[in-house]
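Chain by chain, the residues:
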Amino acid sequence: MRAAALTDTGLVRESNQDTVFSSTAPVGALPNLFIVADGMGGHQAGDYCSRMLVDRLVAALQSGEETVPLRALRQAIGETNLSLFREAEEREELSGMGSTLVAAFTEEETACVFNIGDSRLYAVEESGALRQVTRDHSYVEEMVSAGKLERGSEQYYQNKNIITRAVGIAESADADVFELPLAGCSALLLCTDGLTNMVTDAEIAELLRKHQEPEDAVRALIHAANTAGGRDNISAVLVQLAGEEARR
């Protein structure tokens, strides 16, 4: 397994509210860990929230006593969310802060994925096709599911930045959990909407086919988003699975 992580401010925003984390080595009870977080909030609150989310989540895993990886990550997310929520209540300058979270680890033939918000995890299939695993927690996706909005419409794009779940905005955080079989999967891509709002899934897949090295691939993705306008912070973590793991 090889991995690369990169975040970029983009061409429009003054600060970077994204944070990434990548470790192919064990983190507490987890055999490996990959994270993308996209903060929100006034002034520097979004920047602070995504950084503290990642730092505290990793620290909670490292100090936690739970030995079952899935339960350990769920518990660490809960603890981290509560600490951020309480801090936002106590510090006026952090009021309203929150962050998306997509976190994943692989164990034997499965990837376990936790998602809150609209940052995404994709499975990169051996054929080169890109398959979105997570579901966006956003106003427009809820409206699409209810049959009240057409995906890709003008109204869809006008309201696409409104998310319905985030870490740190309430005492508890409701995460979607996915157990993804890795058979036929060559890589995992975690990313923020600063990438997916600027580069289509088909374009992302083509760039991943073109660049075999994880570091080259994430740089190419960031460059493509900036070339398309770079209207938001852009982050990507690419986890290239071992050949045996991917073929099973």
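Definitions and limits used
Residues numbered from 1 in each chain as written. Predicted model: local features only at pLDDT ≥ 70, side-chain atom pairs only at ≥ 80, totals over all residues. Heavy atoms only, no water. Core = buried A, V, L, I, M, F, W, Y, C linked by side-chain atoms within 4.5 Å. Buried < 20%, exposed > 50% of the residue type's maximum accessible area, 1.4 Å probe, protein only. Helix = DSSP H or I, 4+ residues; strand = E, 2+ residues; numbered from the N terminus. Contact = heavy atoms within 4.5 Å. Polar contact = N/O pair within 3.5 Å; in protein donor to acceptor, adjacent residues only side chain to side chain. Axes fitted to C-alpha atoms, helices over the stretch in contact; angles between N-to-C directions. Left-handed = near helix turned anticlockwise from the far one by under 90°. Nonpolar A, V, L, I, M, F, W, Y, C, P; charged D, E, K, R; others polar. Pairing = 2+ DSSP bridges. Phe/Tyr/Trp six-rings, centres within 6.5 Å; stacked < 30°, edge-to-face > 60°. Lys NZ or Arg CZ within 6 Å of the ring centre and 35° of its normal.

Let us now look at the nonpolar core. Counting 31 residues, the largest nonpolar core has Leu33, Ile35, Leu57, Leu61, Leu73, Met97 and Leu101 as its most contacted members. Elements represented by at least two residues in this core include exactly strand 3 (33-40), helix 1 (45-63), helix 2 (69-90), strand 5 (101-107) and strand 6 (110-116). The element that contributes the greatest number of residues to this core is helix 1, accounting for ten residues. Look past the residues within four positions of methionine 97 in its chain and what remains in contact with it is Met40, Gly41, Ala45, Tyr48, Cys49, Leu84, Ala88, Val167, Gly168 and Ile169. Counting residues in hydrophobic clusters, the runner-up holds 23 residues, among them Ala187, Val199, Ile204 and Leu207.

In this section: the side chain of asparagine 233. Here asparagine 233 lies in the loop between helix 7 (214-227) and strand 11 (234-240). There is a polar contact of 2.9 Å between the side chain of asparagine 233 and the backbone oxygen of threonine 9.

The next point concerns the packing of helix 6 (residues 201-210) against helix 7. Relative to each other, helix 6 and helix 7 sit at 145°, their axes nearing to 9 Å. Between helix 6 and helix 7 lies a crossing of right-handed hand. Of the residues in helix 7, those touching helix 6 at Ile204, Leu207 and Leu208 are Ala217, Ala220, Leu221 and Ala224. Grouping the constituent residues of the contact of helix 6 with helix 7 by class yields seven nonpolar, no polar and no charged.

Its location among the elements puts threonine 110 in strand 6. For threonine 110, a relative accessible area of 25% corresponds to the partly exposed category. Between the C-alpha atoms of threonine 110 and glutamate 179, which are 69 residues apart in sequence, the distance is 6.4 Å.

Looking now at the sheet that holds strand 10 (residues 185-191). Strand order in the open sheet formed by five strands is 1-11-10-7-8, and the pairing between neighbours is antiparallel. Two strands in the sheet have a free side with no partner beyond their single neighbour: strand 1 (2-8) and strand 8 (130-132). Across this sheet, the average inter-strand angle for adjacent strands is 20°, counted without regard to direction. Pairing geometry for strand 7 (residues 120-125) and strand 10, over six bridges, is antiparallel. Note that in strand 10 the partner of arginine 120 across the bridge is cysteine 191. On top of the sheet, helix 6 reaches strand 7, strand 8, strand 10 and strand 11; it is set at about 130° to strand 8, its chief contact.

Here the focus is the packing of aromatic side chains. Scanning the entire structure with this criterion turns up zero aromatic pairs. Over the ring of tyrosine 48 we find arginine 91; its NZ or CZ atom is 5.3 Å from the centre of that ring.

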